[in-house]
Amino acid sequence: MIGLISATVAGAAARDRLAAAWPDRTRVYDGPVGDAVRRAFAECEQLVCFLATGAVVRLVAPLLSDKASDPGVVCVDEAGRFAVPLVGGHAGGANELAREVGELLGALPVVTTATDAVGIPGLDTFGLPVEGDVAGVTRALLDGEPVALDAEVAWPLPPVPFADRGAHTVRITDRAVEPADREVLLRPPSLVVGVGASRGAPVEEVLDLIEGALRDAGLSPRSVAELATVEAKADEPGIVRAAARLGVPVVTYSAEELATVEVPNPSAAPLAAVGTPSVAEAAALVGGGELLVPKRKSAGVPATATCAVVRRPGRGRLAVVGLGPGARDLLTPRAKAELRRASVLVGLDQYVDQIRDLLRPGTRVLESGLGAEEERARTAVAEARRGHAVALIGSGDAGVYAMASPALAEASDDIDVVGVPGVTAALAAAAILGAPLGHDHVSISLSDLHTPWEVIERRVRAAAEADLVVTFYNPRSRGRDWQLPKALAILAGHREPTTPVGVVRNASRPDGTARVTTLALLDPATVDMMTVVTVGNTATRDIAGRMVTPRGYRWQEEPK
């Protein structure tokens, strides 16, 4: 919850805008400002104070205890011009909150955290438990000193300018080791503990078993991602409470699913009790991985619990990102966030140039020229399989005549895939032309590099007969100059010569052009590969120089 505090009418107006925009995230604290700040500080994860920075500093200073637990505090001036994170920039989320507040109120976020200022993600922002010399290693990164990455466990990280060697080290490990001098340990959630338990198994016996298994194997409890068991034990108090003490969820699987998992130590007892020859080992192994601790029993007499520990490999992450039609203000915030999150960027060289300034230091860029789409898709998937966080970029929406299709055809379920939508060329062009896509419409690529012309022609005829508005992608190039005239001729057999046609080149870009003509007057020679051509249906009209396709509702046909 975000606590909102203000002292004046102007501050209250900005406060109320925030409260109206985030009704489920915010709580307004009224009354004397000092009391309001103290109550919000105790009750909320974050605060936004519409007060002078000096006043907020004096009010929160006596309340501060530890940066890992203090709420994030953002100060907004009463004119709403600046949003300043004062406390908890990383751990409290104040830096990101300042950006969100700034976007909503039109205020400038003033982020002074050193790593954010230079575009290097803080080591405490990776979402992993962190130990060791965080300040010293961070300072080395900021000063440009070489910091080595020692990844004992492959795990997708945001871009950091790591070196092959250095006096400082960031070590990704699930081992129970202490950080050395000038070293930071990152604890990935790589360990799955499978647990079986008899009815009424005491929580202390379950917990002692798990902790002993981890200790004897030299593994860190901070890398335990989950306790896994059979569905029949989902509500077993000893397992549920042990998971709560460890701060991890309980994940369950059906007995039928566990029975299909090959394990080294099957047993007749669980088969008779819950319908599978293994619970602990099978539940830990169901997602794959390396069995580090085979099934072992608790110390009770008789033993009431079993456990096994598996290390699952880190799953790489592939974000397929649509950059939109080219204008920076049509690049979505989600796309920007994925670009900054990726440690590896794969894309067409001219698209990389569009967003190179948004990349963080340390991002590895793999770019190639036109015609290498399938190679880029394979490269992106291969990098994700190596455990990296990868962004594969394409223009418009990555799922529309772009990179999502070849990438997903190459990918399997061994990596996480995220689609990031973008504004397509058809939509960008339509917004410039007016409202040509107001009713049913279709997009057709006229490029026959991957699709036989016979198939394309059949689709154009179907769209013509169905009276659909048609947007043509890839309409004409120097090597393909007859397809567009042929497609227009097919449409002309079903539509009047006066049917409006929109021609938009480089939609949304500074050198973009747009015009509305007709089916009879369009000269295909004026069209190239940077152009989209939108042909209206029989209802489309040219109204004040804009293409408009009516929605077709009955009320539009009623006399006024």
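Check the entry above for the structure.
First things first, this report covers the structure right here in the doc.

Definitions and cut-offs
Residues numbered from 1 in each chain as written. Predicted model: local features only at pLDDT ≥ 70, side-chain atom pairs only at ≥ 80, totals over all residues. Heavy atoms only, no water. Buried < 20%, exposed > 50% of the residue type's maximum accessible area, 1.4 Å probe, protein only. Helix = DSSP H or I, 4+ residues; strand = E, 2+ residues; numbered from the N terminus. Pairing = 2+ DSSP bridges. Axes fitted to C-alpha atoms, helices over the stretch in contact; angles between N-to-C directions. Parallel < 35°, antiparallel > 145°, perpendicular 65-115°, else oblique. Left-handed = near helix turned anticlockwise from the far one by under 90°. Contact = heavy atoms within 4.5 Å. Nonpolar A, V, L, I, M, F, W, Y, C, P; charged D, E, K, R; others polar. Polar contact = N/O pair within 3.5 Å; in protein donor to acceptor, adjacent residues only side chain to side chain. Phe/Tyr/Trp six-rings, centres within 6.5 Å; stacked < 30°, edge-to-face > 60°. Arc of directions from axis to C-beta.

**Remarks on the pairing of strand 16 (residues 317-322)**
And step 1. With six of its six residues buried, strand 16 lies for the most part within the structure.
And step 2. Burial of the side chains of strand 16 extends over both faces: R317, A319 and V321 are buried on one face and L318, V320 and G322 on the other.
And step 3. Both strand 16 and strand 19 (residues 389-394) contribute to a ladder of six bridges, which runs parallel. Following the sheet pairing, V321 is matched in strand 19 by I393.
And step 4. Direction of pairing for strand 16 relative to strand 20 (residues 416-420): parallel, over a ladder of five bridges. Of the residues in strand 20, the one forming a bridge with V321 is V420.

**Side note on the packing of helix 17 (residues 453-465) against helix 18 (residues 483-492)**
And step 1. The geometry of helix 17 relative to helix 18 is characterised by a closest axis approach of 9 Å and an angle of 30° between their N-to-C directions. Comparing their axes, helix 18 and helix 17 come out roughly parallel. For helix 17 against helix 18, the interelement crossing comes out right-handed. Taken together, the residues of helix 18 that come into contact with helix 17 (itself represented by W453, E457, V460, R461 and A464) are Q483, K486, A487, I490 and L491.
And step 2. Tallied by class, residues from the contact of helix 17 with helix 18 come to six nonpolar, one polar and three charged.

**Focus: the sheet that holds strand 28 (residues 546-548)**
And step 1. The strand order across the open sheet built from three strands is 21-28-27, with neighbouring strands paired in mixed fashion. The outermost strands of the open sheet, each flanked by one partner alone, are strand 21 (434-435) and strand 27 (541-543).
And step 2. When strand 21 meets strand 28, the two strands line up parallel, connected through two bridges. The residue of strand 28 that forms the bridge with G434 is M547.

**So, the side chain of D174**
And step 1. If you trace the backbone, D174 turns up in the loop between strand 9 (168-172) and strand 10 (183-186).
And step 2. A relative accessible area of 1% places D174 in the buried class.
And step 3. Separated by 2.7 Å, the side chains of D174 and S190 make a polar contact.
And step 4. One polar contact links D174 to R311, side chain to side chain, over a distance of 2.8 Å.
And step 5. In this structure, D174 is in contact with V153, R187, P188, S190, L191, G218, L219, S220, S223 and R311, ignoring residues within four places of it in sequence.

**Looking at the packing of aromatic side chains**
And step 1. Considering all chains together, one arrives at two aromatic pairs under this definition.
And step 2. When the centroid spacing of 4.7 Å and the interplanar angle of 50° are considered together, the rings of Y401 and Y473 count as tilted. Pair noted here: Y401 is in the loop between strand 19 and helix 15 (404-410) and Y473 is in strand 23 (residues 469-473), with a separation of 72 residues, a long-range link.
And step 3. For Y473, a relative accessible area of 10% translates into the label buried.

**Description of helix 8 (residues 237-246)**
And step 1. Residues of helix 8 that are buried include every one of G238, I239, A242 and A243, and no others. Taken end-on, helix 8 shows its buried residues confined to a sector of 130°, consistent with a single buried face. Projecting away from the buried face of helix 8 at angles above 90 degrees are the exposed residues R241 and A244.
And step 2. On its buried side, helix 8 packs onto strand 11 (191-197), helix 7 (203-216), strand 12 (224-230) and strand 13 (250-253).
And step 3. Positive phi shows up at G247, right after helix 8, with a value of about 75°.

**Brief notes about unusual backbone geometry**
Excluding glycine, a negative phi dihedral is what most residues carry, and trans is how most peptide bonds are arranged.
And step 1. Residue V301 is joined to P302 through a cis peptide bond whose omega torsion reads -5°.
And step 2. As for its placement among the helices and strands, P302 is situated in the loop between strand 14 (290-297) and strand 15 (305-311).
And step 3. Phi at D467 takes a positive value of approximately 60°, unusual for a residue other than glycine.
And step 4. Among the secondary structure elements, D467 is positioned in the loop between helix 17 and strand 23.
And step 5. Positioned with a positive phi, N474 is a non-glycine residue whose angle comes to about 45°.

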